[in-house]
Amino acid sequence: MHLFVTVNGQGQIDEADHGFNNITAAAPVTVQAVNLVPTAPVVAESAAVFGQPVTVSWTVSNSGTAPSYPAWSARIELLREDGTTAGSLGTTAIVLEEPLAAGTDYTRQTTVVLPLDNSLPVGSYRVRVSADIVDGQPESGEADNAAESPLFAVTLPPLPNLSVEGLTVVAAISPAPISVGGSLTIQWTTRNTGPVPADGPWTETVWLSGDLNLGGDLRLASYSRSDSLAAGGGAA
């Protein structure tokens, strides 16, 4: 790189010779900068489970020509197989005892918990690690600040499964006549058909529908349950 100095570049002064004598000769300058480059992170578990911890390790090298500042932050994300972000797994503060010299590297390992979310199906996922996420390092480039792990399998843990049984309307006449503004007694049983307990809270809602399809209907009442329902157990 080179340095130049220009004089009267905006033409504020009327000069006899407004030419190249207003520009100095080039002076060579060497600019040194950091460049943090992570390698592909490694997930220790070949088969991971949503809602459970996994161990992630990665290495970041300084491929630049100057030492880094001794502290920055790294972000860890979960990616779907198509590369879209499935969720943040948190940030990690990187604090070194001394600046990371040019041509050297460091290795970190941390434990993160995979999200348990209905929007995330069983399948293959990646972990992405990004270095210097707040751009606190004077780097020569930012395009190589992230790296992704190979695909690994993620499955669901054993989960509860709530279902409704025995929905009945308590009335002397069947089918029960319902008057606008009147009251109605309804009974049902909520059963957990899953292999593990269902720990509250959850909400149970009664709807009035003009057909057999739920949607766009009138909500009559909602009840919050905060108890625990054992596997195979039911509660009226």
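Above this note sits the structure.
Residues numbered from 1 in each chain as written. Predicted model: local features only at pLDDT ≥ 70, side-chain atom pairs only at ≥ 80, totals over all residues. Heavy atoms only, no water.

Caption draft 1: Representation of the overall build of the protein chain. A count of helices and strands for the protein chain gives zero helices and 19 strands. A compact globule built from 236 residues should have a C-alpha radius of gyration of about 18 Å, whereas the protein chain, at 32 Å, is more than 25% larger. The principal-axis extents of the C-alpha atoms in the protein chain amount to approximately 110 × 50 × 30 Å. Residue burial in the protein chain is summarised as follows: out of 236 residues, 28% are buried. Accessible surface computed for the protein chain: about 14800 Å², of which carbon and sulfur atoms make up 55%. For the protein chain, the distance from the average site of its 8 positive side-chain charges to the average site of its 23 negative ones is 14 Å. (Helix = DSSP H or I, 4+ residues; strand = E, 2+ residues; numbered from the N terminus. Rg over C-alpha atoms; globule rule 2.2 N^0.38 Å. Buried < 20%, exposed > 50% of the residue type's maximum accessible area, 1.4 Å probe, protein only. Areas by Shrake-Rupley, 256 points an atom, 1.4 Å probe, with all protein chains shown as cover. Lys, Arg positive; Asp, Glu negative; His and termini not counted. Charge placed at Lys NZ, Arg CZ, Asp CG, Glu CD.)

Caption draft 2: Looking closely at the packing of aromatic side chains. All told, the structure shown has three aromatic pairs when counted by the stated rule. Measuring from ring centre to ring centre gives 5.5 Å for Phe50 and Tyr125, while their planes differ by 85°; the resulting arrangement is edge-to-face. Taken together, the residues Phe50 in the loop between strand 5 (47–49) and strand 6 (53–62) and Tyr125 in strand 10 (residues 123–131) connect sequence positions 75 residues apart. Owing to a relative accessible area of 1%, Phe50 belongs among the buried residues under this scheme. A centroid spacing of 6.0 Å and a plane angle of 50° characterise the contact between Trp188 and Tyr223, whose relative ring orientation is tilted. Here Trp188, found in strand 14 (residues 185–192), pairs with Tyr223, found in strand 17 (residues 218–225); they are 35 residues apart in sequence, far enough to count as distant. Among the residues examined, Trp188 registers a relative accessible area of 17% and is labelled buried. (Phe/Tyr/Trp six-rings, centres within 6.5 Å; stacked < 30°, edge-to-face > 60°.)

Caption draft 3: Spotlight on the sheet that holds strand 19 (residues 234–235). Read across the open sheet, the three strands follow the order 13-14-19; overall the sheet is antiparallel. Each edge of the sheet is formed by a strand with only one pairing partner; in this case those strands are strand 13 (162–170) and strand 19. Across two bridges, strand 14 lies against strand 19 in antiparallel orientation. Opposite Arg191, over in strand 19, you have Gly234 as the bridge partner. (Pairing = 2+ DSSP bridges.)

Caption draft 4: Seen up close, the side chain of Asn35. Mapping Asn35 onto the fold places it in the loop between strand 2 (27–28) and strand 3 (36–38). Assessed through its relative accessible area of 9%, Asn35 is described here as buried. Looking at Asn35, its side chain comes within polar contact range of the side chain of Asp144, at 3.0 Å. When neighbours within four sequence positions are excluded, Asn35 is seen to be in contact with Ser61, Asn62, Ser63, Gly64, Glu139, Ser140, Gly141 and Asp144. (Polar contact = N/O pair within 3.5 Å; in protein donor to acceptor, adjacent residues only side chain to side chain. Contact = heavy atoms within 4.5 Å.)

Caption draft 5: Structural view of the pairing of strand 8 (residues 85–95). Of the pairings in the sheet, the one linking strand 7 (residues 71–80) to strand 8 comprises eight bridges and is antiparallel in character. By the bridge assignment, Leu78 is partnered in strand 8 with Gly87. Between strand 7 and the antiparallel strand that follows it, strand 8, lie four residues; Gly83 among them carries a positive phi value of about 95°.

Caption draft 6: Representation of the pattern of salt bridges within the structure. Taken as a whole and assessed by the stated rule, the structure comprises six salt bridges. The salt bridge partner of Arg75 is Glu77, with a shortest N-O separation of 3.8 Å. Bridged by salt links that share partners, the residues Arg75, Glu77, Arg128 and Glu148 form one connected network. (Salt bridge = Lys/Arg side-chain N within 4 Å of Asp/Glu carboxyl O.)

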